[in-house]
Amino acid sequence: MREDDFRRFLEEYPTITSFKVVEDYVSHCRVMESKLTKLDVIAGNRTEELAALEKAKEKGYGYCRALGLYFEFAREHPCAHTSCWEPMSRYFYRLSVDMPPDDYFDIISEMESEYECILGFGRDEFFAKACRERIERIPVILSPKIKKKTYKANEVEIAKQICELAQKKHGDIHEQEILAILKKLKSVTSTILGEFIKAEEPYIILYYKAIGGKTSEEKIAGLAKTLAHEYLHYMEYRYCLSKGVVSSENKKLSEAMADFFGVLHILKCKYYAAREKETVAEDRYDDWNRKFGTSWPYADALHFYTVDGIGMGFSTEYADYDDFGSVEKLREVFGNSHDPDVAYTLLSEE
C-alpha cells in the first residue's frame, strides 16, 4: 500500500482507531490487505458481504477504498461481522467507524450496572417462571445513527374498529365517523431508539443520539429504558423459540410488553438518576396517551393501566403497579406470548 493511499484513507475515515495506525503503520497495512484477500474469513461466507467487497474490487478500487466501502456496509449491517466492533466495556461496543459518545466513560460504567439490574429485575419478577434457561447478557452496540420508521394501519385494524363502532351504534354509523377512524389510524412516523437483532448470536443496538439527553443522567435514563425494552424482545424471542414457535408477529403485543417493561425497570431501579428516570417514564406514558388507538404499536402499553375493569393513572412508584396488578398482568401476557391471539386478548381486556 502506498503512503499517499494510506493518508487518503485516514482523511476519509478519521474515526478508525482500532488498528493502532499511528503506532504500527506496517501492521496496519498488513491487517487491511489480509481483510481484503481473505474475504471468506471476514465475511463468514455470507454472500451479501462478499458481494459488497467483490464489487468494490471489480470496479478497480484500491485496498483503502474497498475497505472503506466495507466499513460503510458494516455500519448498515453491523451483524455482518464482529471485527468492526470496538469494545467499550465487557458487553458494550461501538462500530469502529463511529465515534463514541462524548461522555461515554461515565455512561458505560453506569449502563453496565443498569444491565445487571435489568437481568435481576427480569429474573426476579418475570422470566424465571416462563424461561427455565439461564438469563444472560447479549452484546449491546451504541450507535449514533438516526433511524425512523413509519407504522401503517392494516385493513384488519381498520375493519375491526369500524365493526366495533357499528356494534355500539347498532349499525347506525355515519360517513364522518368512518373518516374519523381512518384519520386516527393514519400512518405514524417515529424515531427508532433501539433494535433487537435476531441472529445466530443475537445482539441489541441502542441509537444514543436518537435517545438524546443533555446530561449524563438524562442519557442514562433514556438508554436504560430502551435497553430494558430491547432485552424483553430478546427474552420473548427466546421464550417463543423454546415453545417451538417464532417470536410474536403481533407488533402491538410485542411493543406494548417491551415498552411497559422498560418503564417498569426505570421506576424499579432508581438508585441512580431517579428524577430523570421518572421524567422519562412519565413522558413515555404521555406518548401512549396521545397516540393510543393509532397505528403506533407502543401505545398499547396503556392497556397495562387497566386491570379487571379498573384503571389507574401514572405513578412514579413501582410498588403502585405491583399492588394494582399491572406487574402480574405483564407476567401473564408475557407467559402467553407464544400464542399472540391469547396474549393480546389478555392484554386488551378491560
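Since the structure is predicted, the reported quantities are computational estimates derived from the model, not experimental observations.

Before going further, it helps to spend a moment on the overall build of the protein chain. Of regular secondary structure, the protein chain possesses 15 helices and 9 strands. A total accessible area of about 17700 Å² is found for the protein chain, and carbon and sulfur atoms account for 49% of it.

Turning our attention to the nonpolar core. Membership of the largest hydrophobic core comes to 67 residues, with the highest contact counts inside it found for Y231 and W288. With 12 residues, the top contributor of residues to this core is helix 10 (residues 216-242). Core analysis: the next-biggest nonpolar cluster, separate from the first, contains 9 residues, W85, I192, Y207 and A210 among them.

Mapping E114 onto the fold places it in helix 6 (residues 104-130). There is a polar contact of 2.4 Å between the side chain of E114 and the side chain of K277. Among all residues touching E114, those that are not within four sequence positions of it are I220, A224, H265, Y271 and K277.

Our next topic: the state of the cysteines. Under the counting rule described, the total for this entry stands at 0 disulfides. The thiol of C269 is not disulfide-bonded; the next cysteine sulfur, from C117, is found 4.0 Å away.

Here the focus is the confidence of the model for the protein chain. Low pLDDT marks stretches whose predicted atomic positions should not be read closely. Across the protein chain, the average pLDDT comes to 75, with 61% of residues at or above 70. pLDDT under 50 marks residues 14-30. Its contacts with residues more than four places away, or in other chains, come to 26 contacts. When the criterion is pLDDT under 50, residues 36-46 qualifies, and its contacts beyond four places in sequence or with other chains add up to 24 contacts.

This paragraph deals with helix 14 (residues 326-335). Counting buried residues in helix 14 gives 7 out of 10 residues, a clear majority hidden from the surface. Within helix 14 the residues assigned to the buried category are S326, V327, K329, L330, R331, V333 and F334.

A word on the pairing of strand 6 (residues 194-197). Relative to strand 7 (residues 203-207), strand 6 runs antiparallel, the two sharing 4 bridges. Bridge pairing links I197 to Y203 in strand 7. Following strand 6, the chain reverses through 5 residues before pairing antiparallel with strand 7.

Cut-offs used in this document
- Residues numbered from 1 in each chain as written.
- Predicted model: local features only at pLDDT ≥ 70, side-chain atom pairs only at ≥ 80, totals over all residues.
- Heavy atoms only, no water.
- Helix = DSSP H or I, 4+ residues; strand = E, 2+ residues; numbered from the N terminus.
- Areas by Shrake-Rupley, 256 points an atom, 1.4 Å probe, with all protein chains shown as cover.
- Core = buried A, V, L, I, M, F, W, Y, C linked by side-chain atoms within 4.5 Å.
- Buried < 20%, exposed > 50% of the residue type's maximum accessible area, 1.4 Å probe, protein only.
- Polar contact = N/O pair within 3.5 Å; in protein donor to acceptor, adjacent residues only side chain to side chain.
- Contact = heavy atoms within 4.5 Å.
- Disulfide = S-S within 2.5 Å.
- pLDDT = per-residue confidence, 0-100.
- Pairing = 2+ DSSP bridges.

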